[in-house]
Protein chains: 2
Amino acid sequence: MLRELPLNQVKMTGKFWDNYVELIKNATIPFQYKVLNDDVDDIEYLRDRKSHALENMRIAAGLSQGEHHGMSFQDSDVYKWLDAVGCSLQVKPDKELQETADKVVDLIAAAQQADGYIDTYFQLKEPRLKYRMMYLGHELYCMGHLLEACVEYYKATGNQKVLEIARKVVDQVDSKFGYEEGKIHGSDGHPVIELGLLKYYELTGDEKALRMCEFHIDIRGKDPDFYNKEMQRNIEDNLPIDMVDVADKTEYLCAYTQPKNQREVKGHAVRMLYLCAGMARLAYHNHDKEVYEACLALWDNVANKKMYITGGVGSTGIGEAFTGNYDLPNESMYCETCASIALVFFAYDMFKIDPKEEYLEVIERCLYNGILAGASLDGVHFFYVNPMEIHADMIAGNKNLYWIKHIRPNWYSCACCPPNFARTIGSMNRYIYTPDAENNTVYAGLFVESETTALDGKLSIKQETAFPYENTVKFIVKGTGTVKIRVPFWAKDVKVNGEALCCNCVKDGYYTVTVNDEEKVADFTFETPVMAVKANPMVTADANRIAVQKGPFVYCAESVDNEKTLTDFRLTVDDVKNATMEVADCELGTVPFLTINAKVEKGCTKRLYHYNPETEYETAQLKLIPYYAWANRGAKDMMVWFHQL
Amino acid sequence: MLRELPLNQVKMTGKFWDNYVELIKNATIPFQYKVLNDDVDDIEYLRDRKSHALENMRIAAGLSQGEHHGMSFQDSDVYKWLDAVGCSLQVKPDKELQETADKVVDLIAAAQQADGYIDTYFQLKEPRLKYRMMYLGHELYCMGHLLEACVEYYKATGNQKVLEIARKVVDQVDSKFGYEEGKIHGSDGHPVIELGLLKYYELTGDEKALRMCEFHIDIRGKDPDFYNKEMQRNIEDNLPIDMVDVADKTEYLCAYTQPKNQREVKGHAVRMLYLCAGMARLAYHNHDKEVYEACLALWDNVANKKMYITGGVGSTGIGEAFTGNYDLPNESMYCETCASIALVFFAYDMFKIDPKEEYLEVIERCLYNGILAGASLDGVHFFYVNPMEIHADMIAGNKNLYWIKHIRPNWYSCACCPPNFARTIGSMNRYIYTPDAENNTVYAGLFVESETTALDGKLSIKQETAFPYENTVKFIVKGTGTVKIRVPFWAKDVKVNGEALCCNCVKDGYYTVTVNDEEKVADFTFETPVMAVKANPMVTADANRIAVQKGPFVYCAESVDNEKTLTDFRLTVDDVKNATMEVADCELGTVPFLTINAKVEKGCTKRLYHYNPETEYETAQLKLIPYYAWANRGAKDMMVWFHQL
């Protein structure tokens, strides 16, 4: 049985990832606090330019006067911020930040009702609708995120009040939802309560929370008409109904059938993948075979048929949703940052059940690409939608693409992604080492300069590396036990202690080091050649196109680096393989630029259509940067999938 | 000054186009009458499966009981059908059809109010809102189509009642709209009244109608807030407001500024192009320089930056609208059949002002491709939206593309396109010959087997040809005058009477034949080689793609003809040039199939992404059919723009 290590047990050093964790602590978290506290003035994407999230809490707590403001799930912005703080404090204690966050905890506690209920939207705006519009109310979504936040913040600080908040939430949810008569026989339209309950269970061992999670995953979709009936009842009772249009969208709500019977990821991508993560985590604990079988099918579907090369998921903005198999349009997709985050959660929970290398590969793909692109390099601007190709001038005129931006705003009216980015990247050390105590084994999933002690102190592992800036990773393994080191598919010519890796040395993607009261060194050197990527031919959007990857990084080209129009470039697989790299310290930080000697198709520029033109090419250099760094310099065009020659 | 010839003065024979006119007379018009009269049961796309359009008239006339049913512009379906009948009867008299249509005229007359007002939606459903929701009411749109229909039907039959209906409509509109105090200082959200008024003016010489058209084109957008104020007034007066969401969309309504100040085609494509046609036709009559200048700019914009290779226009279904310059996505476009029809109207009105060959080229492009594809080969199924590429399985799952169909339904709840197809293709002989009396010249714009007598009987022209099935066209010109024969750009190795055309023989796209009380023969022979088409590099959607055209026909490939997946094919310009043709008599009629010896990229089919794959190609034959014939055999995939090797 694999288990997550406490965050503070994995010490991360080194330049790339730890820089991000520092950035989140020093820039993102303080900025987001200011937003939540209405101390930032220039927020373009908020009505009235304020979040009001903490003010909603103050009003609910009776500490301030006024009306609720913002989305029905505005509270969750506070909770995900608190979650991010909890993660940050576990790895980088900070007294001042803790004091700020303690006050937020006090405020949440003050806003929480005596019976444990907390949702300022319903408390302040629509008390008559409490638990009566599960199809869109997001109450359990908010409480789920609150539970997650409480757990992380408690781990970081031991704050008893936060544990008490969580206990009361669990009791409240337990008192209202369940199979018993008089309780609600349905779950929230937006999953996440599942994960919240399981994290609470893992922290406290309270079996009740586990049973509650089982209920919420079982009841979902049991009566596919649940949400519709609920809405009809509200109409009959003359209650105010917002946003009726989604009420019958059971697929959007991932409730067209019970989760255990679902085999294809459908509907709203974040809802679907939070649900998947909850299902996998439940199966991890209760070994439910039906749920696990569904998880396997859903995993196969998302990872092998519906995932962009960056780890982005969700192919349309309409319903922020999955579409059909292999339907991966590059310009009109959604690829919400939260969806890639949820995919990482799902992957890691699957990995803990069955430590296949493929799960780590997806985690790595999302972390280095899809999720990291969710924030600017200053840590205070965020994408909600992460496109694969953008032509800013065309987007301006095409309402089909209204959800696409080429510049990151500093906040959103629906602000799920910014704090989600903070808590996820701020705790990415979670994914480096995973112990399997029964087998005296620790899985080392990512090349990151770091160290840990696991297996009850019996085994310590240290990675000395400047990766991704250099291609050597020295594993120092001490004590007793086994380390299974993941050897990524993009690492070529791998040598360990100077010797080429033989085929038999790597089994199922792992290189094994076993120590018995001793110290061993496994000094990895490898190449990360630039690779040309082709999509499965079923992906019509990528037909005759080539993407570029080097190491874990997917690359893209931006118009600011290229004089020629990006769509004019033509590449071959060999052109890509022969790319040259230059690491530059520039406004993007330390970034490896790639240059590909490509061709540009010469075209006449006057007529709209040309007949029997001579196809002429000239050599031209295509300059690329890692995808995560795009949209930091005002580029108007960007491409990931280039035209093939 | 160029003038349209009466339809009955151009006798069309031959296989291709006359077959269509026959089909419209024998299949389309009778079927559409049944639909309008609720005599067809299996109409999937109508609520309650009935049109009710004639029944609405009967109710308004007091001949039947019941409520109005259908769109606010349901009446226009009847009018466009009557227009189609009028056109058909001019070229192919038919007593029985005329009797049916006379009764429809009687019904319209009975439904029309004494004051000339007619709009059954407002008469029956919302009399309080008459002329009070111009932003969406479509009253003048309906009356504009009614005027057009009256004119064509009168020309065909001399029916006095239909002329009287028109006269009353003109008086009604005149009494309500104008600069005078007490009249409405605005026009309809959906143009077409302009064309209706001008056609009435052309028929009757009634200058009042010309002045009214001037008013409607001048007043539009003069106060861009007109529609919004109108809606606000309705809200204040507690009147029922439908579809408020478009009220402030002045761009959608082509009213963000006065038409004479517009320089880019924007907003709803059909509205925009009906407006353009009205403007050009007005400028033709009143020589308004400002309006004409706007027309020139709008023409340049649509023809050179926003038109698909098929003559399709409108790049998004959201608002059925134009998007930015060079934004021509192949899968998510709209290309409404009506929009290409409106483009033909615009082009022809521009042509009559200044007989440039480019206008005829666009007319031809639309007729042979974009418009013709609007109906099935049986004449009783219709596309509203005409895509350039379709992958039916993906569309099924992608809500981004909800407006795309790969099978033509037999009707629509918004049924503008089916009767518009009937009246336009049913009168396509309109575009073959256009006399310019002042210059004793007739322009022969299209190669179609036909004959006419023009210039007050002084000049007769006959085309003997089996085109498009054979590449010879014999012009027999008799009498006194000049014929300017358009030599299309796709006709190569042109010989006239056995002699190669010299450069000087063709001026501005025309070959000139002058006769002086004599007969001359100009016997054209030419080749129509298969041509590879490349789009302007600014069209990112077509980068690295090739389309195929032969003669006036754009070609496409359908999955029913090709075992290999269409997106797997790779073509070069030379592959296309070397295509072979085989004319087959098959379920599609007499259709020239093309076969291209192309390559297919071999791809592995398991993994979603492949790294450094060998790019391997094998030879494969790509089979194509003319675009107009697609979607007649249940194909699931279709492509116009193929991937370039």
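A brief structural summary.

Criteria and cut-off values
Residues numbered from 1 in each chain as written. Chains lettered and ligands numbered in written order. Predicted model: local features only at pLDDT ≥ 70, side-chain atom pairs only at ≥ 80, totals over all residues. Heavy atoms only, no water. Helix = DSSP H or I, 4+ residues; strand = E, 2+ residues; numbered from the N terminus. Rg over C-alpha atoms; globule rule 2.2 N^0.38 Å. Buried < 20%, exposed > 50% of the residue type's maximum accessible area, 1.4 Å probe, protein only. Contact = heavy atoms within 4.5 Å. Areas by Shrake-Rupley, 256 points an atom, 1.4 Å probe, with all protein chains shown as cover. Least-squares fit on C-alpha atoms with pLDDT ≥ 70 in both. Buried area = accessible area lost by both parts, 1.4 Å probe. Salt bridge = Lys/Arg side-chain N within 4 Å of Asp/Glu carboxyl O. Polar contact = N/O pair within 3.5 Å; in protein donor to acceptor, adjacent residues only side chain to side chain. Nonpolar A, V, L, I, M, F, W, Y, C, P; charged D, E, K, R; others polar. Pairing = 2+ DSSP bridges. Axes fitted to C-alpha atoms, helices over the stretch in contact; angles between N-to-C directions. Parallel < 35°, antiparallel > 145°, perpendicular 65-115°, else oblique. Left-handed = near helix turned anticlockwise from the far one by under 90°. Disulfide = S-S within 2.5 Å. Core = buried A, V, L, I, M, F, W, Y, C linked by side-chain atoms within 4.5 Å. Expected span 1.5 Å × (residues − 1).

### Focus: the overall build of chain A
Okay, so step 1: A count of helical and extended segments in chain A gives 17 helices and 21 strands.
Okay, so step 2: Computed over its C-alpha atoms, the radius of gyration of chain A comes to 25 Å, within 12% of the 26 Å expected for a compact globule of 645 residues.
Okay, so step 3: For chain A, the C-alpha atoms occupy an extent of roughly 75 × 70 × 45 Å along the three principal directions.
Okay, so step 4: Sorting the 645 residues of chain A into buried and exposed places 64% on the buried side.
Okay, so step 5: At a minimum sequence separation of 6, the contacts of chain A that also span at least 24 residues come to 70%.
Okay, so step 6: Summed over all atoms, the accessible surface of chain A reaches about 22400 Å², with 45% contributed by carbon and sulfur.

### Re the relation of the copies chain A and chain B
Both copies of the chain are related through a single rotation about an axis accompanied by a shift along the same axis.
Okay, so step 1: Superposition of chain A onto chain B requires a rotation of 180° combined with a translation of 0.0 Å along the rotation axis, giving an RMSD of 0.0 Å. The relationship between the two copies is best expressed as a two-fold rotation axis. The rotation axis passes nearest to the C-alpha of A:Leu645 in chain A, at a distance of 3.1 Å.

### Thoughts on the interface of chain A and chain B
Interfaces are often described in size by the accessible area the parts lose on coming together.
Okay, so step 1: Taken together, the contacts link 66 residues of chain A with 66 residues of chain B.
Okay, so step 2: In total, chain A and chain B occlude about 5300 Å² of area from one another, counting both sides; carbon and sulfur atoms represent 51% of this.
Okay, so step 3: The largest contributions to the chain A side of the interface with chain B come from A:Leu608, A:Tyr609 and A:Tyr611, which together make up 16% of the buried area.
Okay, so step 4: The interface formed by chain A and chain B contains four salt bridges.
Okay, so step 5: Where B:Lys534 meets A:Glu601, a salt bridge forms, and the shortest distance between an N and an O atom there is 2.7 Å.
Okay, so step 6: In this assembly, chain A and chain B are joined by 28 residue pairs in polar contact (both at pLDDT 80 or more).
Okay, so step 7: Looking at the side of chain A that touches chain B, the elements with two or more residues in it are α12 (289–305), α14 (357–371), α15 (392–397), β12 (530–535), α17 (573–577), β18 (609–611) and β21 (642–644) of chain A.
Okay, so step 8: With six residues, β12(A) is the largest single contributor of residues to the side of chain A that touches chain B.
Okay, so step 9: Looking at the side of chain A that touches chain B, its residues break down into 30 nonpolar, 23 polar and 13 charged.
Okay, so step 10: Inspection of the sheet shows β18(A) paired to strand β12 (residues 530–535) of chain B by three bridges, in the antiparallel sense. Following the sheet pairing, A:Tyr609 is matched in β12(B) by B:Ala535.

### Looking at the packing of helix α3 (residues 75–91) of chain A against helix α6 (residues 139–157) of chain A
All names here are of chain A.
Okay, so step 1: Two numbers describe how α3 lies on α6: the axes approach to 8 Å, and their chain directions differ by 20°. Here α3 lies roughly parallel to α6, going by the angle between them. In the packing of α3 onto α6, the handedness of the crossing is left-handed. Taking contact as the criterion, the partners of Asp75, Ser76, Tyr79, Lys80, Leu82, Asp83, Val85, Gly86, Cys87, Leu89 and Gln90 in α3 are, on α6, Tyr141, Cys142, His145, Leu146, Glu148, Ala149, Glu152, Tyr153, Lys155, Ala156 and Thr157.

### What to know about the state of the cysteines
Okay, so step 1: A complete count under the given rule lists two disulfides over all chains for this structure.
Okay, so step 2: Between the sulfur atoms of A:Cys502 and its disulfide partner A:Cys505 the distance amounts to 2.2 Å. What sets the handedness of the A:Cys502 and A:Cys505 disulfide is the S-S torsion sign, and at about 90° it is right-handed.
Okay, so step 3: Classification of A:Cys502 as partly exposed rests on a relative accessible area of 38%.
Okay, so step 4: Since its relative accessible area comes to 28%, A:Cys505 is described here as partly exposed.
Okay, so step 5: The thiol of B:Cys414 is not disulfide-bonded; the next cysteine sulfur, from B:Cys416, is found 4.0 Å away.
Okay, so step 6: We classify B:Cys414 as buried; its relative accessible area is 18%.
Okay, so step 7: B:Cys586 supplies the cysteine sulfur nearest to B:Cys556, a cysteine that is in no disulfide, at a spacing of 13 Å.
Okay, so step 8: Judged by its relative accessible area of 0%, B:Cys556 is buried.

### Considering the pairing of strand β14 (residues 553–558) of chain A
All names here are of chain A.
Okay, so step 1: β14 sits mainly inside the fold: six of its six residues count as buried.
Okay, so step 2: Of the two faces of β14, the one carrying Phe553, Tyr555 and Ala557 and the one carrying Val554, Cys556 and Glu558 are both buried.
Okay, so step 3: Of the strand pairs in this sheet, strand β13 (residues 545–550) and β14 are connected by two bridges, and their pairing is antiparallel. Looking across to β14, one finds that lysine 550 is bridged to phenylalanine 553.

### Quick notes on the nonpolar core
Okay, so step 1: A:Trp17, A:Phe346 and A:Phe524 are the most contacted members of the largest nonpolar core, which has 238 residues in total.
Okay, so step 2: In this view, A:Phe524 contacts A:Phe447, A:Asn471, A:Thr472, A:Val473, A:Phe475, A:Ile485, A:Val487, A:Val494, A:Lys495, A:Val496 and A:Tyr511; residues no more than four positions away in its chain are not counted.
Okay, so step 3: Ranked by size, the runner-up nonpolar core spans 235 residues in total, among them B:Tyr227, B:Ala532, B:Ala547 and B:Leu588.

### Examining helix α11 (residues 269–286) of chain A
Residue and element names in this part refer to chain A.
Okay, so step 1: The terminal C-alpha atoms of α11, which comprises 18 residues, lie 25 Å apart, in line with the 26 Å expected from a rise of 1.5 Å per residue.
Okay, so step 2: Across the 18 residues of α11, 17 count as buried, placing the element largely inside the fold.
Okay, so step 3: Just downstream of α11 lies histidine 287, where phi reads positive at about 55°.

### A few points about unusual backbone geometry
Okay, so step 1: The step from A:Phe467 to A:Pro468 runs through a cis peptide bond, and the omega angle for that step is 10°.
Okay, so step 2: With respect to the helices and strands, the residue A:Pro468 is situated in the loop between β6 (459–465) and β7 (472–486).
Okay, so step 3: The phi torsion at B:Glu320 lies on the positive side, around 45°, for a residue other than glycine.
Okay, so step 4: Assignment of secondary structure puts B:Glu320 in the loop between α12 (289–305) and α13 (337–353).
Okay, so step 5: Notably, B:Cys335 is not glycine yet its phi reads approximately 50°, a positive angle.
Okay, so step 6: By secondary structure assignment, the location of B:Cys335 is in the loop between α12 and α13.

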